[in-house]
Amino acid sequence: ADHTALCLQDGVISSPSDGDIGAVFGIGFPPFLGGPFRYVDSVGAQTFVDRMDKLADAHGEQFRPCQILRDNAKAGTSFHANA
């Protein structure tokens, strides 16, 4: 989900829906989770960021969440309007 969020942050994809569809059909993200952005929305951005920070502390900086995830967590917003 972090790399997909980074693609949105950097303008590689234009919307969270594009990222969800691309991840499900392109890289085999589990469809029942709805895609990486839907997944982050379902668990909550703050919960997701906290989990990634714990992984980064334990296993290295490659697990540190990108800025758009941190921004959503801080603002309490979701990627999809109806999440």
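Model, not experiment: these values are computed from the prediction.

**Quick word on the overall build of the protein**
Scanning the protein for helices and strands turns up five helices and zero strands. In sequence order, the protein lays out its α and β elements as α-α-α-α-α. For the protein, the C-alpha radius of gyration of 12 Å lies close to 12 Å, the compact-globule estimate for 83 residues. Taking the principal axes of the C-alpha coordinates as reference, the protein spans close to 30 × 25 × 25 Å. In the protein, once contacts between residues fewer than 6 apart in sequence are set aside, the share between residues at least 24 apart is 47%. In the protein, which carries 6 positive and 10 negative side-chain charges, the distance between the mean positions of the two groups comes to 6 Å.

**Some words on the environment of proline 31**
Of note, proline 31 is situated in the loop between helix H2 (16-26) and helix H3 (36-43). Linking proline 31 and proline 16, residues 15 residues apart in sequence, is a C-alpha distance of 15 Å.

**Quick notes on the nonpolar core**
Counting residues in each nonpolar core, the largest one holds 14 residues, and the members touching the most others are Ala5, Leu8, Phe37, Val40, Ile68, Leu69 and Phe79. Going through the elements one at a time, helix H1 (2-9), H3, helix H4 (45-59) and helix H5 (67-75) are the ones with two or more residues in this core. Per-element tally for this core: the top contributor is H4, with four residues. Those residues in contact with phenylalanine 79 that sit more than four places away from it in its chain are Leu8, Pro16, Phe37, Val40, Asp41, Ile68, Leu69 and Asn72.

**A few points about the packing of H1 against H5**
Following both chains from N to C, one finds H1 and H5 inclined at 95°, their axes separated by 8 Å at the closest point. Looking at the two axes, H1 sits roughly perpendicular to H5. On H5, the residues that touch Asp2, Ala5, Leu8 and Gln9 of H1 are Gln67, Ile68 and Leu69. When its residues are assigned to classes, the contact of H1 with H5 shows four nonpolar, two polar and one charged.

**Re the environment of phenylalanine 32**
Looking at the element boundaries, phenylalanine 32 is found in the loop between H2 and H3. For phenylalanine 32, a relative accessible area of 73% puts it in the exposed group.

Each value, and the rule that gives it
- Residues numbered from 1 in each chain as written.
- Predicted model: local features only at pLDDT ≥ 70, side-chain atom pairs only at ≥ 80, totals over all residues.
- Heavy atoms only, no water.
- Helix = DSSP H or I, 4+ residues; strand = E, 2+ residues; numbered from the N terminus.
- Rg over C-alpha atoms; globule rule 2.2 N^0.38 Å.
- Contact = heavy atoms within 4.5 Å.
- Lys, Arg positive; Asp, Glu negative; His and termini not counted.
- Charge placed at Lys NZ, Arg CZ, Asp CG, Glu CD.
- Core = buried A, V, L, I, M, F, W, Y, C linked by side-chain atoms within 4.5 Å.
- Buried < 20%, exposed > 50% of the residue type's maximum accessible area, 1.4 Å probe, protein only.
- Axes fitted to C-alpha atoms, helices over the stretch in contact; angles between N-to-C directions.
- Parallel < 35°, antiparallel > 145°, perpendicular 65-115°, else oblique.
- Nonpolar A, V, L, I, M, F, W, Y, C, P; charged D, E, K, R; others polar.

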